[in-house]
Amino acid sequence: MTWIDWTALTLFFVCWLGYGPILRFIARHGGALNEDMVHVRNRWMAAMTHREIRLVDSQLMGHSINSASFFASTNLLLIAAVGGILFGGESKLEGFAAVGAENVPIRILEAKLALVLMCLARGFLDFIWALRQMNYALALIGAAPEIQSETDRRAYGQAAGELLNPALSAFSQGVRGYYFALAAAAWLFGPMWLALGVASAFGLLIYRQEASPAARAIRNARRLLGEG
C-alpha cells in the first residue's frame, strides 16, 4: 500500500473509533441529539411508572425491537455477501476486482473488503446487544409494580432508564456502522475516495447530532420536559 492508503486508513480509524469520545465532548459543550435523548427516555420511564396500564409503553418497545431485528437481519445478509466474496477464492476476488477504479494486488483487495466486513460485523454485534437489552427493558416495564411513593417511582424509572438508554445507544452504534461501512467500501476506488468517504460520513453524523432539525427539535423537547 502507498503512503496515501495508510494516511486514509489512519483517518478512517481515527474517525470511526474516535466518534464516540468526540460526540461526548460535543454533548458537554452544547448538547447532542443522543445526549438529549438520554434525558427524554429517562422522562419516559419516569412517566411509565405513573400509568396503571402500560400497553403504550410495551408497544413502543416492541416497535424498537422490530427495528433492531430488521437492521440485524439486513446486516447479516450484507456480512454474508461480503464474506462470500472475501472467502470465496481468488476467482471471485479477481472477478470483483473490476469494480475498483485501480488495479491492486489480490491481498490489498482482501484488506479493503476485510475493512468493510469489520464495520458490518461490529454493527451486527451492536444490534444483537441492543436487542438483548431491549428485551430486558421490556421485562422491567412489564414487571413495574403499583408504586405509591413518588421517590420510589423516580427510582424505578431511573433504573429502567439506565437499561433502556444503553440498549438504544447500542442500536445507534449499529446504524452508525453502515455509514462507516460505506466509507470503507469507497476504498475500492482508491485511497482518496476512502478519505473523502470517511470525512463525509463523519461530517454528516456530527451535523445530524448537533445541528439537524431533529437535533434542534429534541433539544427543545428536553428543555420543555425540564431536563438539564
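Computed from a prediction, not measured in an experiment: that's the story for all the values here.

Participant: For a nonpolar patch on the surface, give the residues involved together with the corresponding values.
Facilitator: On the surface, Phe189, Trp193 and Leu196 cluster together to form a nonpolar patch covering roughly 330 Å² of accessible area. Position of Leu196 relative to the elements: it lies in helix H7 (residues 191-210). According to the relative accessible area criterion, Leu196 is partly exposed, its value standing at 49%.

Participant: Tell me about the confidence of the model for the chain, residues and numbers included.
Facilitator: Residue-level pLDDT values for the chain average 85, and 92% of them are 70 or greater. Element-level mean pLDDT values for the chain span from 63 in helix H4 (residues 90-96) up to 92 in H7.

Participant: Would you mind going over the nonpolar core in detail, with residue names and values included?
Facilitator: In a soluble, globular protein the nonpolar side chains are often hidden away together inside. Counting residues in each nonpolar core, the largest one holds 57 residues, and the members touching the most others are Phe12, Met134 and Phe180. When contributions to this core are tallied by element, the ones reaching two or more residues are helix H1 (3-28), helix H2 (33-48), helix H3 (55-86), helix H5 (106-143), helix H6 (150-185) and H7. The element contributing the most residues to this core is H5, with 14 residues. Excluding its chain neighbours within four sequence positions, the residues that come into contact with Phe180 are Phe12, Cys15, Trp16, Cys119, Val198 and Leu205.

Participant: Can you break down H7 residue by residue, with the values?
Facilitator: Between the first and last C-alpha of H7 there are 28 Å, a value that for 20 residues agrees with the 28 Å anticipated at 1.5 Å per step. Within H7 the residues assigned to the buried category are Pro191, Leu194, Ala195, Gly197, Val198, Ala201, Phe202, Leu205, Ile206 and Gln209. Taken end-on, H7 shows its buried residues confined to a sector of 165 degrees, consistent with a single buried face. Where H7 is buried, its residues touch H1, H2, H6 and helix H8 (213-225).

Participant: Requested: an account of the environment of Ala111, with residues and values cited.
Facilitator: With respect to the helices, strands and loops of the structure, Ala111 is situated in helix H5. The exposure class assigned to Ala111 is partly exposed, which follows from its relative accessible area of 33%.

Participant: Please give an account of the packing of aromatic side chains that cites residues and values.
Facilitator: Evaluated as defined, the whole model comprises eleven aromatic pairs. Ring plane angle 45 degrees and centroid distance 5.6 Å describe the contact between Phe12 and Trp16, whose orientation is recorded as tilted. Of this pair, Phe12 and Trp16 both sit in helix H1, four residues apart, which is roughly one turn of the helix. Just as Phe12 is buried, Trp16 falls in that class too. With 6.0 Å between their ring centres and 50 degrees between their planes, Phe71 and Tyr178 make a pair best called tilted. In this pair, Phe71 sits in helix H3 while Tyr178 sits in helix H6, placing the two residues 107 residues apart along the sequence. Overall, Tyr178 belongs to the buried group, its relative accessible area being 17%. Aromatic rings pair up to connect Phe70, Phe71, Phe127, Phe171 and Tyr178 into one cluster.

Participant: Outline the packing of H1 against H6, listing residues and values.
Facilitator: The interhelical angle for the contact between H1 and H6, taken along N-to-C directions, is 180 degrees, at an axis separation of 11 Å. By the angle class used here, H1 and H6 are roughly antiparallel. Residues Phe12, Cys15, Trp16 and Tyr19 of H1 form the contact with H6, whose participating residues are Arg176, Phe180, Ala183 and Ala184. Looking at the contact of H1 with H6 residue by residue, the classes come out as seven nonpolar, no polar and one charged.

Conventions used here
- Residues numbered from 1 in each chain as written.
- Predicted model: local features only at pLDDT ≥ 70, side-chain atom pairs only at ≥ 80, totals over all residues.
- Heavy atoms only, no water.
- Patch = residues over 30% accessible without salt bridge, like charges linked within 9 Å, V, L, I, M, F, W, Y side chains within 5 Å.
- Areas by Shrake-Rupley, 256 points an atom, 1.4 Å probe, with all protein chains shown as cover.
- Salt bridge = Lys/Arg side-chain N within 4 Å of Asp/Glu carboxyl O.
- Helix = DSSP H or I, 4+ residues; strand = E, 2+ residues; numbered from the N terminus.
- Buried < 20%, exposed > 50% of the residue type's maximum accessible area, 1.4 Å probe, protein only.
- pLDDT = per-residue confidence, 0-100.
- Core = buried A, V, L, I, M, F, W, Y, C linked by side-chain atoms within 4.5 Å.
- Contact = heavy atoms within 4.5 Å.
- Expected span 1.5 Å × (residues − 1).
- Arc of directions from axis to C-beta.
- Phe/Tyr/Trp six-rings, centres within 6.5 Å; stacked < 30°, edge-to-face > 60°.
- Axes fitted to C-alpha atoms, helices over the stretch in contact; angles between N-to-C directions.
- Parallel < 35°, antiparallel > 145°, perpendicular 65-115°, else oblique.
- Nonpolar A, V, L, I, M, F, W, Y, C, P; charged D, E, K, R; others polar.

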